[in-house]
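Summary of the model geometry
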Amino acid sequence: IVDERGVKSVKERPKELTQMMAAAADGLGSIAIDTTQLNMSVTDPTAWATAMNNLGMVPVGLAGQQLVSDSICVPGFDPSLNMMTGITPINPMIPGMGLVPPPPPTDMSVVKEIIHCKSCTLFPPNPNLPPPSTRERPPGCKTVFVGGLPENATEEIIQEVFEQCGDITAIRKSKKNFCHIRFAEEFMVDKAIYLSGYRMRLGSSTDKKDSGRLHVDFAQARDDFYEWECKQRMLAREERHRRKLEEDRLRPPSPPAIMHYSEHEATLLAEKLKDDSKFSEAITVLLTWIERGEVNRRSANQFYSMVQSANSHVRRLMNEKANHEQEMEQAKENFKDALTGILTQFEQIVAVFNASARQKAWDHFSKAQRKNIDIWRKHSEELRNAHSEQLMGIRREEEMEMSDDESTDTPNKKMRVDESALAAQAYALKEENDSLRWQLDAYRNEVELLKQEKGQLFRTEENLTKDQQLQFLQQTMQGMQQQLLTIQEELKNKKSELEQAKEEQNHTQALLKVLQEQLKSAKELAETNGHSHEDANEINVLTVALVNQDRENNTEKRTQGLKSEKEALLIGIISTFLHVHPFGANIEYLWSYMQQLDSKISANEIEMLLMRLPRMFKQEFTGVGATLEKRWKFCAFEGIKTT
C-alpha cells in the first residue's frame, strides 16, 4: 500500500525507482536455479544486499558471483552427511556458522522491501503492525502452510515464488486459496516463513481475485514426522554403537585361557611352581586342574608332587612377611626417634618464647613485636602439645603390645615383665608430669602478662574480656594442679607397690633357698640314720607347712590396716552390695555399680582391695567350659563363726 506521500515521491524521482526495480529483478534472476537469466548488472549493491538479507538469502556480488557458499548453491553439499560420520547436523540458517550473515538484533526493526517476480509482485507488510503469529514448530518440519493466496494463483506461480527459498519436493494446492509446500531440507522452511505477511499481486491487475495477503506457517505432515523419527532412530543406533565400541575399548582384557591337563603340561607346570617369579601363574593353573577333576589314580602322584612344591613356598612367604614386619618396626623406631627430636626442638622454641615474655626482655619490645611473639608462642605450644600427644599414643600402643606379649610368657617372666611395665608406667607418668609442669609455667606466664596489661590499660571492654580470660586460665591452672597432685599420688603408689613386690620376691627366693637347704640336710640325715619312708614324708609335710605359714604371714602383711577413709567406705559399700547377692557377683557387675558412685574408680582397684581382705571376700568359679565365670562372695560371717 502506497500513500499519497509515497506516490508524490515516485513522481518526482521516476528514474531512481526504475533503477531500483531493475536491481531487484537482477538479484532475483541471480538467485534462481537458471543462472542464465542474469542479464543486468547491479547498480546499487547496498540496497540489493539489504533486500536479499531481509529475504533470508545469500548476498550476490556485482558480477553475479556468490559471496558466501550455501547448501542451495553448492552442488556437492549433502546435509545428511552427519548420519555416516556422527557429526551434528549443521543448519546453514544458524547465525555465526559462516553460511548466512547473523540476523539483526531483536530491538532493531527489520525493513522489508518489494520483491519482484516474473508473474507477480510481493509488497511488504506495514512495519508498524506486529509480526505474524506462527504455531509451534513440529519436529523435523519440512512442510509449510501458505494461506491467503489469490484466487487466480496457479501452481506454477506458487512454485516461482517459493522456489527461491529452496528445492521444492511437492506442492499440494487446494481450491480454497491455500496450499501446502514441502521442501527438501528443514532450514528452507525458515526462509519461507519470512514471506508471511507479504501482499501478493498477479501482474499489474487490480482485481481482488488477483491479490491476497500471504500467511505462511508451519505444517504438521506425517511424512516429515516419519523421516524425523527414522533419523532419530539412526542417530540412536549410532550412539549405541559408539558407546559399545567405547565400552569394548575400556573393558579389561579377559584372563588367558588355561590349557588342558596332560603329562607334558604337568611337567612344565611343576617346573614353573619351583620358580618364584612364575609361581602365581602356575598356582592358578593347578587350582583350575584340581577343580576340573583331573586328579585320578594315575595322576595322583604327579599332583601330590605339585602340591608339595606349592607347600614349599609357605616358608618363603613367611620369611618375606617377617622381613616386611622388621622393616615396618625399623621405620616405626626411626619415626619415633625423629618425633622425639622434633618434640625436643619444640620445647626449646617454647622455652625461648617464655624467656622473651618475661619482664626483663618484654619491656624492650614494641607493641607489634609483642603481639607477634605472643601469636608465635601460642602456635608453637599447640604444635608441641599435638606432637607430645602423638608420641604418648605411640608409647601407649607399645605398652599394650607388651602387655599382650606378657600373657603368653611363663609366671616367672610375668613378674619381670610386670616390673618393666610398672617402670614404663612410672616413666610415662614422669613425662606427663613434666609436660603438665611446662604447661603450668606457660599459663603462669600468660597470667603475669595479663596482669601487667590489666595494670597498664583502663577499664574497657577489652579489659573485661581479659579478666574473663584470666579467670578461665586460673580455673584451668587449678585443674592442672589437681591433676598434677593426683598423678604424683599415683606415682607414689606405683613406686610403693613396685618396692613391695620386689621385697616379696626377695623374701620368697630366700625362703626357698633355706627350705631347699633344710630339705637336703634332712634327706642326708635320713639316709645316714636309715629312717624309713614315713620320716621323709614327715619332713615334706613340715616343709609344706612352713611354706603355707609363710604365705599366711605374707597375706597377713598384705591385709594390714586400711590406708585411707576412702577404702573403708568402699569396703562398706561392697560388703552391703555382696550381702544382698548371696550367689556372688563378678567384678564387672560390681565395678559398674561402684562407678555410679565414683566415676574415677577402676575395676583393678576394686579387685586389689578384695584380694587384700581374704577373710571378708572370697572368689569362686562357676560354670563349665566357655561359661566359666569368677564371682566374688561376702564371707565375713563365716570367718567369725570359724574363729
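Basis of the calculations
- Residues numbered from 1 in each chain as written.
- Predicted model: local features only at pLDDT ≥ 70, side-chain atom pairs only at ≥ 80, totals over all residues.
- Heavy atoms only, no water.
- UniProt positions renumbered as here; feature names shortened; annotations may be inferred.
- Helix = DSSP H or I, 4+ residues; strand = E, 2+ residues; numbered from the N terminus.
- Patch = residues over 30% accessible without salt bridge, like charges linked within 9 Å, V, L, I, M, F, W, Y side chains within 5 Å.
- Areas by Shrake-Rupley, 256 points an atom, 1.4 Å probe, with all protein chains shown as cover.
- Salt bridge = Lys/Arg side-chain N within 4 Å of Asp/Glu carboxyl O.
- Buried < 20%, exposed > 50% of the residue type's maximum accessible area, 1.4 Å probe, protein only.
- Pairing = 2+ DSSP bridges.
- Polar contact = N/O pair within 3.5 Å; in protein donor to acceptor, adjacent residues only side chain to side chain.
- Axes fitted to C-alpha atoms, helices over the stretch in contact; angles between N-to-C directions.
- Phe/Tyr/Trp six-rings, centres within 6.5 Å; stacked < 30°, edge-to-face > 60°.
- Lys NZ or Arg CZ within 6 Å of the ring centre and 35° of its normal.
- Disulfide = S-S within 2.5 Å.
- Core = buried A, V, L, I, M, F, W, Y, C linked by side-chain atoms within 4.5 Å.
- Contact = heavy atoms within 4.5 Å.
- Expected span 1.5 Å × (residues − 1).
- pLDDT = per-residue confidence, 0-100.

Under the annotation held in an unreviewed UniProt entry, the chain carries the name Ecto-NOX disulfide-thiol exchanger 1 and is attributed to Vombatus ursinus. Recorded in UniProt under Sequence similarities (unreviewed entry), the annotation for the chain is "Belongs to the ENOX family."

Here we take up the UniProt feature "coiled-coil region" (unreviewed entry) in the chain. If you check UniProt for "coiled-coil region" (unreviewed entry), the listed places come out as residues 307-341 and 426-518 in our numbering. Along residues 307-341, the helical share is 97% and the strand share 0%, with 52 Å between the first and last C-alpha atoms.

Here the focus is a nonpolar patch on the surface. On the surface, a cluster of nonpolar side chains totalling about 220 Å² of accessible area is made up of Ile290, Val295 and Val307. Tracing the backbone through its elements, the reader meets Ile290 in helix α9 (residues 279-292). A relative accessible area of 39% means that Ile290 is categorised as partly exposed.

What follows concerns the sheet that holds strand β1 (residues 115-116). Here four strands make up an open sheet; going across it, the order is β1-β2-β6-β7 and the pairing antiparallel. A single partner strand is all that each edge strand has here, and the edge strands are β1 and β7 (211-213). Taken together, the two bridges between β1 and strand β2 (residues 120-123) define a ladder with antiparallel strand orientation. From the neighbouring strand, His116 faces β2, where its bridge partner is Thr121.

Structurally, Ser305 can be placed in helix α10 (residues 300-311). Counting along the chain gives 35 residues from Ser305 to Ala270, while the straight-line C-alpha distance between them is 7.9 Å. Within the structure, the side chain of Ser305 is placed 2.5 Å from the backbone oxygen of Gln302, a separation counted as a polar contact.

Moving on, we get to the sheet that holds strand β3 (residues 143-147). In space, the four strands of this open sheet follow the order β4-β5-β3-β8, with antiparallel pairing throughout. Two strands close off the open sheet at either side, each with one partner strand: β4 (168-173) and β8 (215-218). Averaged over all pairs of adjacent strands, the angle between strand axes in this sheet comes to 20°, irrespective of strand direction. Both β3 and strand β5 (residues 178-183) contribute to a ladder of five bridges, which runs antiparallel. Within β5, the position partnered with Phe145 by the bridge is His180.

The full count for this structure, using the stated rule, is nine aromatic pairs. Chaining the aromatic ring pairs together yields one cluster made of Tyr261, Trp289 and Phe303. Its guanidinium or amino end placed over the ring of Phe279, Arg316 lies 5.9 Å from that ring's centre, counting from NZ or CZ.

Before going further, it helps to spend a moment on the state of the cysteines. As enumerated under the stated definition, the model contains zero disulfides in all. This cysteine, Cys120, is not joined by any disulfide, and Cys117 carries the nearest cysteine sulfur, 4.4 Å off. Its relative accessible area of 1% is what places Cys120 among the buried residues. Cysteine Cys165 is unpaired, with the sulfur of Cys117 as its nearest cysteine sulfur at 10.0 Å.

Ranked by size, the top nonpolar core spans 30 residues in total, and within it Val146, Phe162, Ile181, Phe183 and Met200 carry the most contacts. With sequence-adjacent residues up to four places away left out, Phe162 is seen in contact with Val146, Ile168, Ile181, Phe183, Ala192, Leu195 and Val216.

For the rest of this paragraph, the subject is helix α17 (residues 565-579). Each full turn of the α-helix corresponds to 3.6 residues, which orients residues three or four apart in the same direction. Between its terminal C-alpha atoms α17 stretches 21 Å, which fits the 21 Å expected from 15 residues at 1.5 Å a residue. Where α17 is buried, its residues contact α18 (587-597), α19 (603-611), β9 (617-622) and β10 (629-634).

Attention now goes to the confidence of the model for the chain. Across the chain, pLDDT averages 76, with 72% of residues at or above 70. Within the model, pLDDT remains below 50 along residues 1-101, and this stretch shows 104 contacts once partners closer than five positions in the same chain are excluded.

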